[in-house]
Amino acid sequence: MQTLVIVAHPDFDNSGTQNFLRASSAHLSQVQYHVLDQLYPDYQVDVARERQLLQAADQIIFQFPLYWYSAPASLKAWLDQVLQTAQEERLPDYQGKALGLVVSTGVAAAQFTAGRSEQFTLSEILRPYQALAHKLHLTYRAPLIISQFSHTNDLQKAQLLVQYQQYLTSFSDHFADQVRWLAQRLQDLASRNPEEPALAAVAATLTANQDHLDDLNQTIAMMKGGGSIG
Amino acid sequence: MADGLQNLIADYIKKAPDYENRALMQVAAELLKAQAQRLEQAEGEVDGRTWDHRKW
């Protein structure tokens, strides 16, 4: 799966969140980073080139900090120019591709709800992107939200690294798929580092536990009368 | 989680030079805990459903 990460950030190089995300995805071969503010500081987009990149991608990610409940200007300029030119009557066909969002917020995620400081949920605030995906026949994925990155501890950063890598390389957010994805990563590392017994041992245990769990869930589904367990 | 596996994980996290590999292992340790909890719940549910009072 080819993933194109389109980043909108006016000061990308000095952003702690963006640096962390870029480093987290640096070893993923099928992920291409595309920082709009660096490529097009004057917002004059090379439409033909961008269209080529979009056509080559299976998944398109818009990655940006939330500025006044929207993306920075570079993403809006890109959308205005790339999606439909003045000469075109019809939109390009993006059927079969997915659109994901990676959005960082300076406010705690818990505040984005009715009755709290931000009043509205992030699903509501990000609705224009959902509408865009709908219009372009893109499959809209649940956004990956990163709130107050500078306040996260060591374990939360590790979890974000894995979550981000999974978001860029897999469409599923089911627990079982996350486990199998991680077991595979550890198994790959184990084959390159046979002197580290922990890697293969943990990969094998994760897989065996998940097989057992899947069996139990299937048994429960049968006992319930054929329904499936999420 | 078995003590042996826990020790292997702790050793690996302590000495792994690469941040990314260390992070993968930290998350794996958390997933093992989550699996243990889910296994306990699922086993409990199978037991509960097997214990059918209508068959007493």
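Residues numbered from 1 in each chain as written. Chains lettered and ligands numbered in written order. Predicted model: local features only at pLDDT ≥ 70, side-chain atom pairs only at ≥ 80, totals over all residues. Heavy atoms only, no water.

With that settled, the discussion passes to the overall build of chain A. When helices and strands are counted, chain A shows nine helices and six strands. For the C-alpha atoms alone, the extent of chain A along its principal axes is close to 55 × 50 × 40 Å. Within chain A, contacts between residues separated by at least 24 positions form 72% of all contacts whose residues are at least 6 apart in sequence. For chain A, the exposed area adds up to about 11,800 Å²; of that, 50% sits on carbon and sulfur atoms. Taken together, the 15 basic and 22 acidic charged side chains of chain A have centroids lying 4 Å from each other. (Helix = DSSP H or I, 4+ residues; strand = E, 2+ residues; numbered from the N terminus. Contact = heavy atoms within 4.5 Å. Areas by Shrake-Rupley, 256 points an atom, 1.4 Å probe, with all protein chains shown as cover. Lys, Arg positive; Asp, Glu negative; His and termini not counted. Charge placed at Lys NZ, Arg CZ, Asp CG, Glu CD.)

Let us now look at the domain arrangement of chain A. All names here are of chain A. Each assigned domain of chain A is listed with its residue range as follows: domain 1 (3–172) and domain 2 (174–230). With seven residues of domain 1 in contact, the opposing surface of domain 2 contributes five residues. The junction of domain 1 with domain 2 conceals about 540 Å² of combined surface from both sides, 48% of it contributed by carbon and sulfur atoms. Of all residues in domain 1, Gln165, Gln166 and Ser172 bury the most surface against domain 2, accounting for 72% of the area lost on that side. Where domain 1 touches domain 2, the interface holds zero salt bridges. Between the two partners, domain 1 and domain 2, sit five residue pairs in polar contact (both at pLDDT 80 or more). Tallied by class, residues from the side of domain 1 that touches domain 2 come to two nonpolar, five polar and no charged. (Domains from an automatic or database assignment. Buried area = accessible area lost by both parts, 1.4 Å probe. Salt bridge = Lys/Arg side-chain N within 4 Å of Asp/Glu carboxyl O. Polar contact = N/O pair within 3.5 Å; in protein donor to acceptor, adjacent residues only side chain to side chain. Nonpolar A, V, L, I, M, F, W, Y, C, P; charged D, E, K, R; others polar.)

What follows deals with the side chain of Glu118 of chain A. All names here are of chain A. You can see Glu118 is positioned in the loop between strand 4 (98–105) and helix 5 (122–125). One buried charged residue, Glu118, forms no salt bridge at all, with the nearest opposite charge on Arg116 at 11 Å. If we skip the residues at most four places from it in the chain, Glu118 touches Tyr69, Val107, Gln111 and Phe112. (Buried < 20%, exposed > 50% of the residue type's maximum accessible area, 1.4 Å probe, protein only.)

Quick look at helix 8 (residues 175–192) of chain A now. Between its first and last C-alpha, helix 8 of chain A extends 26 Å over 18 residues, near the 26 Å set by a 1.5 Å rise per residue. The set of residues buried in helix 8 of chain A consists of Phe175, Val179, Trp181, Leu182, Ala183, Arg185, Leu186, Leu189 and Ala190 of chain A. Lining the buried residues of helix 8 of chain A we find helix 7 (154–169) and helix 9 (197–224) of chain A together with helix 2 (19–50) of chain B. (Expected span 1.5 Å × (residues − 1).)

Before going further, it helps to examine the pairing of strand 1 (residues 3–7) of chain A. The side chains of a regular strand alternate between both faces of the sheet. Residues and elements named next belong to chain A. In terms of burial, strand 1 is a largely internal element, five of the five residues being buried. Every second residue of strand 1 is oriented toward a common face, with Thr3, Val5 and Val7 on one face and Leu4 and Ile6 on the other, all of them buried. Note that strand 1 and strand 2 (residues 31–35) share five bridges and pair parallel. Each bridged residue has a counterpart across the sheet, and for Ile6 the counterpart in strand 2 is His34. You can see the chain leave strand 1, run along helix 1 (residues 16–25) and come back into strand 2, and the turn it takes is right-handed. Direction of pairing for strand 1 relative to strand 3 (residues 59–65): parallel, over a ladder of five bridges. Residue pairing for strand 3: Thr3 is matched across the bridge by Gln59. (Pairing = 2+ DSSP bridges. Right-handed = clockwise from strand over helix to strand, strands pointing away.)

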